[in-house]
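Spelled out, the chains give:
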Amino acid sequence: METVLIANRGEIALRIIRACRRLGLRAVCAFSEDDRGAGYLDLADEAVCVGPAAATKSYLNIPALLSAARATGASLVHPGYGFLSENADFAQAVSDAGLTLIGPSAAIMRKMGDKVEAKRAMIAAGVPCVPGPDSVLPDDPDALATLAAEIGYPVILKAAGGGGGRGMRVVQGESDLAQAFMITRQEARRFFGNADIYMEKYLQAPRHVEIQVIADSHGHALWLGDRDCSMQRRHQKLIEEAPAPGIDRALIADIGERCAASCREISYVGAGTFEFLYENGELYFIEVNTRIQVEHPVTEMVTGLDIVALQIEVARGASLPLTQAEVRTFGHAIECRINAEDPHSFTPSPGHISRMHVPGGPGIRVDTHVATGAEIPASYDSMIGKVIAHGADRNEALARAATALAELRVDGVACNAALHGALLGDPDFRRGGVSIHHLEQWLARREGADA
Ligand code: ADP
């Protein structure tokens, strides 16, 4: 029986354990000192400590993870999301150790991790991008000013190696350009070790729409529909849904097909997400994520597919078991990320869960690694689970999500379930199609009303 080392923690580690079970694979879960004794580890076939609480010493510790794989006889490594999931050096180290990473090759990760290179690859595949040159910016201030004037203000400066919403700066006019360029360059060097900067048109109030893809090593690639993830705070997604409401299905199908084509073009293997901004009826590519995403369950709910199992299967060399015509979607799904945090200040609220009740019922799926008695460590992300609701249409999905959230009970730590409840009742959100600024505007209005 083949063994998968899960180089991650929390709900995604449990999600991967479940996929391994379904496929009859042995699941070994890595854990840090802070996660020792966590309940979800009991569901793995084996759990192995990879280091102290600090992620740099455990979940980001490549030598420790490779020794864990060796010690437990793993032949496959699943990186989940976050941590090392998009780290090309890790992908290379896994492959050099004679193991198989469940994800694309180091070369593909490197190419897609450089946003300028990714943009170039997308243009070649006929995927529309945000207006702006597909090359890094020159140092010459006059050349910069000319480029920005051509694109038209406002523009956004972005680090080619950027991620996590950092290393980006909006420039409203020429008087701010030189200074903004200098700061962005410094940040790019400091955070990402890559000083390259590029420039795009800054879209004023777009939506965030993304396409899920999956590709095998035999030249087959599929797109599995779209998601809308516009409900964000500080570039962190809070609510996601599939499909994106109110967008022309023919446009999605056209772009989806181009995303799949570009996977074939670059010999992409694994699951991936093409992220776009949507404005004035057009989709503009911004980046590719070469890993499974937090919000993958909404796509699973509407397609009935197990994306994590597919991801493992294609990594093992299997052909995709279906054709594009066999990818069907039914109804609508909404995911609410449940965080242990103060719903007003958003300060994380680690601690002991004295009692927890998880909702259920028709169309409800809850992906969580915690239960009554669990400890939420302060060292990591505050997400403790996801409530996903599926319905025959968007209204039914919204109604089911609201019922489930009202049923969810988490005592002992602060949690954002009630915030989600309020957001699901927001008339603008209910209409569908809010922009990426909507959640922050809604929160600002709430603070104003409270004051
Ligand atoms: P990261 O990899 O850091 O997440 P992205 O390129 O995905 O960076 O951009 C993150 C977010 O920044 C987007 O979801 C969007 O909210 C905003 N953004 C990025 N590019 C633009 C743009 N050209 N116009 C408007 N907003 C943008």
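Residues numbered from 1 in each chain as written. Predicted model: local features only at pLDDT ≥ 70, side-chain atom pairs only at ≥ 80, totals over all residues. Heavy atoms only, no water.

Caption draft 1: View of the sheet that holds strand E1 (residues 3–6). Spatially, five strands are ordered E3-E2-E1-E4-E5 in an open sheet, and the strand pairing comes out parallel. Edge positions in the sheet fall to strand E3 (46–51) and strand E5 (100–101), since each of these pairs with one other strand and no more. One ladder, built from three bridges, connects E1 with strand E4 (residues 76–78); its direction is parallel. Counterpart to Val 4 in the pairing with E4 is Leu 76. (Pairing = 2+ DSSP bridges. Helix = DSSP H or I, 4+ residues; strand = E, 2+ residues; numbered from the N terminus.)

Caption draft 2: How the structure looks around the site of the ligand. The ligand sits among 20 residues. The nearest are Lys 158, Gly 165, Lys 201, Leu 203 and Glu 287. Between the ligand and the protein, one listed contact pairs an oxygen atom with a side-chain N or O atom of Lys 115 at 3.0 Å. Backbone polar atom of Lys 201 to a nitrogen atom of the ligand: 2.9 Å apart, as the coordinates give it. Protein contact buries 93% of the 560 Å² of open area that the ligand shows by itself. Here the shell around the ligand spans two domains, and each of domain 2 (131–201) and domain 3 (207–450) adds at least three residues to it. (Near = heavy atom within 4 Å. Polar contact = N/O pair within 3.5 Å; in protein donor to acceptor, adjacent residues only side chain to side chain. Areas by Shrake-Rupley, 256 points an atom, 1.4 Å probe, with all protein chains shown as cover. Domains from an automatic or database assignment.)

Caption draft 3: Up close: the domain arrangement of the chain. Domain annotation for the chain reports domain 1 (3–102), domain 2 (131–201) and domain 3 (207–450). Look at where the C-alpha atoms of domain 1 and domain 3 centre, and you get two points 23 Å apart. Residue-level contacts link 32 residues of domain 1 with 27 residues of domain 3. Overall, the association of domain 1 and domain 3 removes approximately 2,200 Å² of surface from exposure, summing both partners, and the carbon and sulfur fraction of that is 60%. Sorting the residues of domain 1 by area buried against domain 3 places Glu 11, Arg 15 and Glu 86 first, and these three jointly supply 27% of that buried surface. Inspection of the domain 1/domain 3 interface yields five salt bridges. Taking the shortest distance from any N to any O, the salt bridge between Glu 11 and Lys 386 comes out at 2.9 Å. Remark: the boundary between domain 1 and domain 3 carries 12 residue pairs in polar contact (both at pLDDT 80 or more). Counting residues per element, the ones that place at least two in the side of domain 1 that touches domain 3 are helix H1 (10–23), E4 and E5. With 11 residues, the single largest contributor to the side of domain 1 that touches domain 3 is H1. (Contact = heavy atoms within 4.5 Å. Buried area = accessible area lost by both parts, 1.4 Å probe. Salt bridge = Lys/Arg side-chain N within 4 Å of Asp/Glu carboxyl O.)

Caption draft 4: Main features of the sheet that holds strand E14 (residues 332–339). Spatial strand order, E13-E12-E9-E10-E11-E14-E19-E17: eight strands in an open sheet with antiparallel pairing. Taken across any chain shown, the strands that pair with only one partner, and hence form the sheet edges, are strand E13 (282–289) and strand E17 (364–368). Taking the axes of each pair of neighbouring strands and ignoring which way they run, one obtains an average angle of 25° across the sheet. As defined by bridge partners, strand E12 (residues 270–279) adjoins E13 across seven bridges and the pair is classed as antiparallel. Each bridged residue has a counterpart across the sheet, and for Glu 279 the counterpart in E13 is Glu 282. (Axes fitted to C-alpha atoms, helices over the stretch in contact; angles between N-to-C directions.)

Caption draft 5: Summary view of the packing of helix H2 (residues 62–72) against helix H3 (residues 88–96). Relative orientation of the contacting elements H2 and H3 amounts to 30°, with a least axis distance of 11 Å. Here the hand of the crossing between H2 and H3 comes out right-handed. Residues Ile 62, Leu 65 and Leu 66 of H2 form the contact with H3, whose own contacting residues are Asp 89, Phe 90, Ala 93 and Val 94. (Left-handed = near helix turned anticlockwise from the far one by under 90°.)

Caption draft 6: Quick look at the environment of Met 168. Here Met 168 is to be found in strand E7 (residues 168–171). Judged by relative accessible area, which is 27%, Met 168 ranks as partly exposed. When near neighbours in sequence (up to four residues on either side) are disregarded, Met 168 contacts Ile 156, Leu 157, Lys 158, Glu 187 and His 235. (Buried < 20%, exposed > 50% of the residue type's maximum accessible area, 1.4 Å probe, protein only.)

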